[in-house]
Amino acid sequence: MPEIRLEKVTKRWGRFYGVDQLDLTIEDNSFITLLGPSGCGKTTILRMIAGLETPTSGRITIGDRVVFDSEAGINVPANKRKVGFLFQNYALWPNMTVYQNISFGLGNVKEDLPVYDFEARTTQALIRALQNPRRLQEMTLECRDKKGKLDMDKVYLKYIDAYTMSIYTAKTLFGYGIHQASDPEAAAGAKKKQLEEKLASLREGHRAKGEELDEDFAVVKNGKVCKQERKLTKEEIDLSVRRVSRIVKIGMFMNRYPAELSGGQQQRVAIARTLAPEPDVLFMDEPLSNLDAKLRLEMRYELQRLHVETGSTFVYVTHDQMEAMTLATKICLINNGVLQQYDAPLDVYNRPENLFVADFVGNPSINFVEAKGAQGPDGTVELTILGGRKVRFYPEQPLDLEAWRAERDRRNQEEERKRQEFLRDKRNVEKSNKDEPFNCHIPRVNEDDYSVEEEPVITDEDFILAIRPEFIRLSETGEISATVYGAMPTGMESTLKLRAGDYLLTSVVFGSATYPIGQQVRMGFKGNGMLLYDRTSGKLAAAGCLADWEK
C-alpha cells in the first residue's frame, strides 16, 4: 500500500483558511484518524487527498505518484487516484439488491489488466472442489430445509465460501450432482479426471503459442504477464463481490434490498462496495455516526479487523475522541485548519503537546490548575497552586526552563518570519480566522465571581498544571483536604467532582464504593503523569510528579 504525503497543503475561501500549510505523512498500512472539533478542516483534508476537493496550494503524493501540485499544474481526478471513499451517509441504491449495490461501478472499470485464461482458472477451482467428494456431499445436504428440500442460496453460498469461487462456478459444481451419487468418490473421480485432461489441454494450447500460465492463470509471455485495456468480466466482478462479502460477513444478504437490512448491515454493505475495487487507500468520513452506541462499538472492532485483513491504508475522520483512541495507529489532531499533534493515541493522551490537545483528548476532561513558580538550582520547580498551597514539581527528564524559553522565543520568531515571507507572495492573503492562544477553563465553585476580574498579566512565572482524573487519588494520607461536590457512579468506577478551597477537580475512582455529596475526603496527586505547561505559549514544558508539599 502507498505512503501519502501532504506538503504545505492549503485550502482557503477568500481570507478564510480551512486548512493552513499542512505537512503530513501517512505511512503504509496505517490507520490514521483525523480528529478535531466541528469545522476544524478534517473532512476538507480527506476530500483533498481523495481528489474531491482542489487545494489552493501545496503538493499531495500517493505512493510515488504526484496527484496534486499547484506549482506544476497537476491535479489527477478522483476516479484515477485508486482510492475508496465511505461517506457518513451510506448512499446505497434503494432499488438495488445488496449484490447490485456492491458490484455497482465495477462494470465500468476499464484499465490495463492482466490477461487471464478464465476457463483454465475455473477448471482448476472445480478440480480442487472435487478432491474431497464426501465433504462436498455433506456440505450440500446440510442446506436442506425442514421439508428436506435444498435451499439453493445456501448451497451456492457454502460452495463460494468453501472453495473461493464465483456463483457461476458454484452452479457448475452443483450440476455435477455429486450430492446425489450413490458412490460420490467414483462420480467425483471420473469428473475430476475429465477436468484434469481439459486443464492439461488448455496449458498445452498456450505453450504452442509460446505462452505459459502462472499460478493465478494469468498469461505470461517472455517472462512478463500480458496486459490489455479491458473491462472486468462477469466472473471477475462476481469474485470481487464474493471476496468483500466474506470479509464483512454479509454473504447471506446478497438478494436483499437496503430497506430490509439493519443499520449495521447497511454499513457493512457500504464498506463492501468501497472495498470491491481494491483501493490502495480507504477514506472514511464519520461512517459510524448514524449508528447507536452498542452497534458503534461492534463496528469499531469490525473496522480494526478489516484493516488487518485488507492490508489497506485507512484514513478516518471523526470528532469522537473515543473512536480515534481505539481505532488509530496514529491520531492527527486538527484545530482551525492547523495540525496540533500527530502521534500514537497513547502518546497524544499521556503527553499532549499543548493545552488545546490536553483539553480535547480525554473523557472525563483533564484538570487544569493555575500555578506560579520558578525553577530551583536542583532542576525542580517550586509551585504555588490551589489558592496558596506550595509543592515541588519534579520533571521526569532533565529540564532547563531558561533554555526552554529561549527555544520557545526562537521558534516564535521563526514562525513570524515565515508568515511575513508567506504574505509577501501576492497570491497569499492574511488569515481572517486567526490562530489564538487556547484559553483553558479553570473550574471554580463560584465562577460568576471571577468573570468580572481583569485579565491577569501573564509572565514567565505563570504555568498551567494539567492532571488526568485517574491521577487524583483518594486516601487517608492525601495531602489535600477536599469535599465531594458531585458523584457519578457507573458500577466499575465513579467520577467525582471534588472541591478544594474555591477550586473544583475531577477524579476517577475505581471500584463500587458510594461517595455521598458533602463527604470530607483527603486527596493526592499520584504518579509521573503531571503535565507542566508554559502559560504564555500553551506548550508542554515537562511531565513529572508532585512532592514535598508544604505542611
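Residues numbered from 1 in each chain as written. Predicted model: local features only at pLDDT ≥ 70, side-chain atom pairs only at ≥ 80, totals over all residues. Heavy atoms only, no water.

Section: the packing of helix α6 (residues 167–175) against helix α8 (residues 234–248)
Threshold: Orientation is described by axes fitted as lines to C-alpha atoms, over the contacting stretch for helices, and by angles from 0 to 180 degrees between their N-to-C directions. In this description a helix means any DSSP run of H or I spanning at least four residues, a strand means any run of E spanning at least two, and both kinds are numbered starting from the N terminus. Orientation categories follow fixed angle ranges, with anything under 35 degrees roughly parallel, anything over 145 roughly antiparallel, 65 to 115 roughly perpendicular, and all other angles oblique. Residue contacts are defined here by distance: any two heavy atoms, one from each residue, within 4.5 Å place the two residues in contact. Note on residue classes: Ala, Val, Leu, Ile, Met, Phe, Trp, Tyr, Cys and Pro are nonpolar, Asp, Glu, Lys and Arg are charged, and everything else, Gly too, is polar.
Running from N to C, α6 and α8 cross one another at 95 degrees; their axes reach a closest spacing of 8 Å. Here α6 is positioned roughly perpendicular relative to α8, judged by the angle of their axes. Touching I167, Y168 and T169 of α6 are K234, E235, D238 and R242, all from α8. Split by residue class, the contact of α6 with α8 holds two nonpolar, one polar and four charged.

Thoughts on the pattern of salt bridges
What counts here: Just to be clear on terms, a salt bridge is a Lys or Arg side-chain nitrogen sitting within 4 Å of an Asp or Glu carboxyl oxygen. Partly exposed residues are those whose accessible area sits between 20% and 50% of the maximum for their type, while under 20% is buried and over 50% is exposed, using a 1.4 Å probe and protein chains only.
This structure, assessed with the given rule, holds 41 salt bridges. The partner of E3 in a salt bridge is R5, with the nearest N and O atoms 3.0 Å apart. Residue classification places E3 among the partly exposed residues on the basis of a relative accessible area of 29%. Between K526 and E479 there is a salt bridge, and its shortest N-O distance comes to 3.8 Å. One end of the pair, K526, is in the loop between β25 (520–525) and β26 (530–534); the other, E479, is in the loop between β21 (472–474) and β22 (480–489), with 47 residues separating them in the sequence.

Description of the packing of aromatic side chains
The condition is simple: A pair of Phe, Tyr and Trp rings is counted when the ring centres sit within 6.5 Å of each other, with Trp represented by its six-membered ring. The angle between the planes then sorts it: under 30 degrees is stacked, over 60 is edge-to-face, the rest tilted.
Following the criterion strictly, the structure yields ten aromatic pairs and no others. Here Y159 and Y163 contribute two aromatic rings whose centre-to-centre distance is 6.5 Å and whose plane-to-plane angle is 50 degrees, an arrangement assigned as tilted. Highlighted residues: Y159 and Y163, both in helix α5 (residues 152–163), separated by four residues, approximately one helical turn. For the pair Y159 and Y163, a shared accessibility class is recorded, and that class is buried. Pairing F356 with F360 gives two aromatic rings, centres 5.7 Å apart and planes at 25 degrees, and the pair type is stacked.

A look at the packing of helix α3 (residues 118–129) against helix α7 (residues 184–208)
We count it as follows: Two helices cross in a left-handed way if the nearer one is turned anticlockwise from the farther one by less than a right angle. They cross in a right-handed way if the turn is clockwise.
Viewed as axis vectors pointing N to C, α3 and α7 meet at an angle of 150 degrees, and their least axial separation amounts to 9 Å. On the basis of their axis angle, the class for α3 and α7 is roughly antiparallel. In this structure, α3 meets α7 at a crossing whose hand is left-handed. Contacts from E119, A120, T123, Q124, L126 and I127 of α3 reach α7 at K192, L195, E196, K198, L199 and L202. A breakdown of the residues in the contact of α3 with α7 according to their chemical character gives six nonpolar, two polar and four charged.

Regarding the nonpolar core
Short version of the rule: Buried Ala, Val, Leu, Ile, Met, Phe, Trp, Tyr and Cys residues form a nonpolar core when they are joined through side-chain atoms within 4.5 Å.
In terms of nonpolar packing, the biggest core is built from 47 residues, with F368, L383, I385, F393, L465, M523 and F525 touching the most fellow members. Every residue in contact with L465, bar those within four places of it in the chain, is listed here: N367, F368, V369, L383, I385, F393, M530, L531, L532 and L546. In this structure, L92, L106, A270 and Y316 belong to the second largest nonpolar core, which totals 36 residues.

Regarding the sheet that holds strand β18 (residues 381–385)
The criterion, for reference: One bridge is not enough; two strands pair if DSSP finds at least two bridges between them.
Pairing is antiparallel in the closed barrel, where six strands are placed in the order β17-β18-β19-β27-β26-β20. Taken pair by pair, the neighbouring strands of this sheet meet at an average axis angle of 45 degrees, ignoring direction. Summarising the sheet, β18 and strand β19 (residues 389–395) pair through five bridges and their orientation is antiparallel. The residue bridging T384 from the neighbouring strand is K390, located in β19. Running at roughly 155 degrees to strand β27 (residues 540–547), helix α14 (residues 401–424) makes contact with β17 (367–375), β18, β20 (462–467), β26 and β27 of the sheet.

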